[in-house]
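# Secondary and tertiary structure notes
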Amino acid sequence: MRYRWYILIIGVTIFWLALMANFFRLQVHLHDNFESMAKNQYYRKIKLHAQRGIIYDRAGNRLVTNTIHYDLAADPKLVKNKKRIAELCSRLFHQKESEFRKKLNQKGRFVFLARKRTEEEIAPILKLKDPGVIKIPVFRRSYLYGEYAAQLIGFTDPDDRGIGGLELQYDRMLSGEDGQAILQYSPGGRLFYNPEFQIKSPQNGNNIYLTIDKNIQTVVEQELRKGVEKARARAGMCVVMDPQTGRVLAMANYPSFDPNRQEKYPPYNKRNRAVSDLFEPGSTIKSFVAAILLQTKLKKPQDLVYCENGRFSYYRSVFTDSKPHGWMTFKKVVSHSSNIGMIKLTEDLPPNTMFRFLKSFGFGSETGIDLMSEAKGILEQPRTWSAITRASLSIGYGISVTTLQLAAAYSALVNGGKLYRPYAIWKITSPEGRILEEHQPKMIRRVISEPVSKKIKEFLEAVVEEGTGTKAKIKGVKLGGKTGTARKINPNGGYYHNKYIASFAGFAPLEQPKYVCVVVVDEPKTFFYGGQVAAPIFKNILSRILNLDTSIPHEVKNDDDFLLVQKNTSLPDLAGLDAQSAIRLLESKDLDYRLQGEGAYVLRSSVKGDEWTLELGDHFTTGSAIPRLSGLTLREALSLLDLSKINLKIKGDPTGIIYKQNIKPGTVVKKQANLVLTCISP
């Protein structure tokens, strides 16, 4: 009996020792594991998104900003009505319902349902007050002027990471540093901030100021587009530069794209072709060859040359002119763009000298601009030249350049002979406004003397006054320029017979050039000469730029075409809208506004410059006026409509732009009305 008692005592002792050991193991050795499991069950870390830096033009106008949006997420374990939420998500976000059901049935505690949506878009889901639905405020990139300077500025992905242009190149400086907060689940399953956990505040990104002038960029974009479409061309490029500093005032490519909807456009539209695409310049190179001949004193402006009546055999190659010419002075060879005359004038020019000067003008090298993806061009070493290379180079073949290179080189040609490094970034500042980096004009080298530069400007004035560039002439303004026409290279060998590059490089005013503008048109179909296609585009651009610049005397043209683009708002008359909707729309467009009076509705609205004035009152409480919705996205239209009084029907592409509405703008709706909006793809 005593033996059994001892066994019982020993057994109980062993049991309690084992139990205590297990408690020790659970509370000490496995403490961290269980604590982590508990935190995963009751706490959730979320990222507090930093606001990406703003991009401004040189006058401080916002080109790119951020608007508040929301990420919609869910905790599958807490969602009460998965079927209803999946149905709503499918209808609101235009995706298959099965995809959302799959997300809501996952085993994890967190899943995204939609990214970067407006509060209005996700409102129907939030109204369900489901404990498993999570709304997280985030910022979304907003490109206020749509397509303007799109290839230069670039774009971001849904997570606001730069994937093109300056957005990619300066991604680290723009992106800032995200913060962090810890959310805790309440006993009811809702998420809330726990003040016991310290919040790591986000650090917003740095801001970038460009040298681009918003108004000049607008002019260039509009006129380039009109010119390219008129010529039925494949594409067009243009760079406007300050020749005295190297500042890029405008850089445009057409066709372009809208960074707000960049996924709808092909890669070709997104490339900054003014910096990356090479072409043979044709006769625009003759200005530099003429400068070399004058600088080396090999020729004088009055020297005569016989142009063989338009046809010339040279080392078993035949060169022609667009028109037959006999005897011509050196100056007329340039102004009338005689290929034969230029070839003959360069016969005594040593290849090494020609190469050295062309290299000094920047050809065959990167300009050093503060932009990525720049092509350096092609200029072969003299040791590789054939018997006709010098002749080909003198008329713009056998050398490849970019639009930017040509603009930088022409700036040196007309500013007194100084080659500047072009730059598009003026400065980078901290969110508080402290200057972190600032770019200044930088002269690389002197290429030609001031007297030679002055003489070349006289040559180029003659091009516009009496030569091949008369379509670039602007009444009341002295200016100069040079036309260029070149056949495109066939990748299979030789040149196409029906594909051309038409160009014009010009400057104004003549004595103290303030603007250099290079226009390049790729594969025009109507005409192919630079004087017919590119020169008129140059004229239209410079005419409108001069209308903006009161410091240069000229004949001002009063024309509706000179209206500048406003921010990408397409705003309707705001009268009749409830005040909160009107204010929300103005803020989303980054527009300044001021309020007059008190009330729930907008009685009258007006705009002066970029500032809107809203006169408030209660006059519209008995009914709502239908605003003008054409030009808006469907999302923007919905924020302006009182859907309690409207039955809305959408025709066409709901992701596009509204171009038609069946109810006349301004109509006051007092009871249920049927509004039909017709949308087209952007």
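Keep in mind it's a predicted model, so treat the numbers as computed, not measured.

When you go through the protein chain residue by residue, the secondary structure sums to 21 helices and 31 strands. Among the 682 residues that make up the protein chain, the fraction classed as buried is 52%. Contacts in the protein chain between residues far apart in sequence, at least 24 positions, make up 69% of those at least 6 positions apart. Working note: accessible area of the protein chain is about 33,200 Å², and carbon and sulfur atoms make up 51% of it.

Tallied over the entire structure, the rule returns 27 salt bridges. Between R84 and E87 there is a salt bridge; the shortest N-O distance is 3.7 Å. Taken together, the residues R84 and E87, both in helix α3 (residues 82-93) and three residues apart, mark about one turn of the helix. Linking D258 and R261 is a salt bridge whose minimum nitrogen-to-oxygen distance equals 3.2 Å. The same class applies to D258 as to R261, namely buried. A cluster of three or more residues bridged by salt bridges with shared partners is formed by D71, R115, D157, D159 and R161.

On to the nonpolar core, then. Soluble globular proteins tend to pack their nonpolar side chains together in the buried interior. The biggest cluster of nonpolar side chains holds 93 residues, and the ones touching the most others in it are M251, F288, F361, F363 and L413. For this core, the leading source of residues is helix α17 (residues 403-414), giving nine residues. Ignoring sequence-local partners within four residues, the contact set of F361 consists of F288, A291, A409, A412, L413, L419, V447 and I448. Judged by nonpolar contacts, the second largest core, of 35 residues, contains V219, V464, F538 and L542.

Further remarks concern the state of the cysteines. This model, assessed by the stated rule, comprises zero disulfides. Of all cysteine sulfurs in the structure, the one in C517 sits closest to C238, which takes part in no disulfide; the separation is 3.7 Å. Residue C238 is classed as buried on the basis of its relative accessible area of 0%.

Another point: the environment of V228. As for its position among the elements, V228 is in helix α9 (residues 214-230). With residues up to four places along the chain from it excluded, the contact list for V228 reads A233, A235, G236, Y254 and I537.

Right, let's get into the packing of aromatic side chains. The full count for this structure, using the stated rule, is 17 aromatic pairs. A centroid spacing of 4.9 Å and a plane angle of 80 degrees characterise the contact between Y314 and Y315, whose relative ring orientation is edge-to-face. Taking the relative accessible area as the measure of exposure, Y314 reaches 9% and is therefore buried. For Y315, a relative accessible area of 56% corresponds to the exposed category.

With that out of the way, let us pick up the sheet that holds strand β22 (residues 495-508). Two modes of strand pairing occur in sheets, parallel and antiparallel, and in both the strands are linked by backbone hydrogen bonds. Reading across from one edge, β12-β11-β23-β22-β21 is the order of the five strands in this open sheet, with antiparallel pairing throughout. Strand pairing shows two members of the sheet lacking a second neighbour, β12 (248-254) and β21 (480-489), which therefore form its edges. Averaged over all pairs of adjacent strands, the angle between their axes in this sheet comes to 10 degrees, without regard to strand direction. Judged from the nine bridges that link them, β21 and β22 form a sheet pairing that is antiparallel.

Attention now moves to helix α18 (residues 450-466). Each turn of an α-helix holds 3.6 residues, which means side chains three or four residues apart point in the same direction. Relative to the 24 Å expected for 17 residues at 1.5 Å per residue, α18 spans 24 Å between its end C-alpha atoms, a close match to the ideal helical length. For α18, every residue scored as buried is listed here: V452, S453, I456, K457, F459, L460, E461, A462, V463 and V464. At its buried positions, α18 is contacted by α12 (286-295), α13 (330-335), α17, β21 and β22.

The topology assignment puts G480 in strand β21. Residues G480 and L460, 20 residues apart in the sequence, show an inter-C-alpha distance of 4.6 Å. Non-local contacts of G480, meaning those with residues more than four positions away in its chain, are made with L460, E461, V464, A505, G506, F507 and L510.

Scored by pLDDT, the protein chain comes out at a mean of 84, with 80% of its residues at no less than 70. Within the model, the stretch residues 188-192 combines pLDDT values under 50 with 18 contacts to residues more than four positions away or in other chains. Low pLDDT, under 50, characterises residues 558-569; the stretch is placed with 37 contacts to residues that sit more than four places away or in other chains.

We now examine the pairing of strand β18 (residues 425-429). Judged by how many residues are buried, β18 sits mostly within the fold: four of five residues are covered. As paired elements, β18 and strand β19 (residues 435-438) share three bridges and run antiparallel to each other. Bridge pairing links I428 to E437 in β19. Counted along the chain from β18 to the antiparallel partner β19, the turn is five residues long, and its residue G433 has a positive phi close to 100 degrees.

It is worth spelling out the environment of E523 at this point. With respect to the helices and strands, E523 occurs in the loop between β23 (515-522) and α19 (530-548). Sequence separation between E523 and R232 is 291 residues, and the spatial gap between their C-alpha atoms is 8.2 Å. Excluding its chain neighbours within four sequence positions, the residues that come into contact with E523 are R232, A233, R234, K488, K499 and Y500. Side-chain polar atoms of E523 contact the side chain of K488, separated by 2.9 Å.

Our focus in this paragraph is the packing of α17 against α18. Packing of α17 against α18 leaves a shortest axis separation of 7 Å and a crossing angle of 110 degrees. Considered as vectors, α17 and α18 are oriented roughly perpendicular to each other. Counted together, Y410, L413 and V414 of α17 and S453, I456, K457 and L460 of α18 form the full contact between these two elements.

Conventions used here
Residues numbered from 1 in each chain as written. Predicted model: local features only at pLDDT ≥ 70, side-chain atom pairs only at ≥ 80, totals over all residues. Heavy atoms only, no water. Helix = DSSP H or I, 4+ residues; strand = E, 2+ residues; numbered from the N terminus. Buried < 20%, exposed > 50% of the residue type's maximum accessible area, 1.4 Å probe, protein only. Contact = heavy atoms within 4.5 Å. Areas by Shrake-Rupley, 256 points an atom, 1.4 Å probe, with all protein chains shown as cover. Salt bridge = Lys/Arg side-chain N within 4 Å of Asp/Glu carboxyl O. Core = buried A, V, L, I, M, F, W, Y, C linked by side-chain atoms within 4.5 Å. Disulfide = S-S within 2.5 Å. Phe/Tyr/Trp six-rings, centres within 6.5 Å; stacked < 30°, edge-to-face > 60°. Pairing = 2+ DSSP bridges. Axes fitted to C-alpha atoms, helices over the stretch in contact; angles between N-to-C directions. Expected span 1.5 Å × (residues − 1). pLDDT = per-residue confidence, 0-100. Polar contact = N/O pair within 3.5 Å; in protein donor to acceptor, adjacent residues only side chain to side chain. Parallel < 35°, antiparallel > 145°, perpendicular 65-115°, else oblique.

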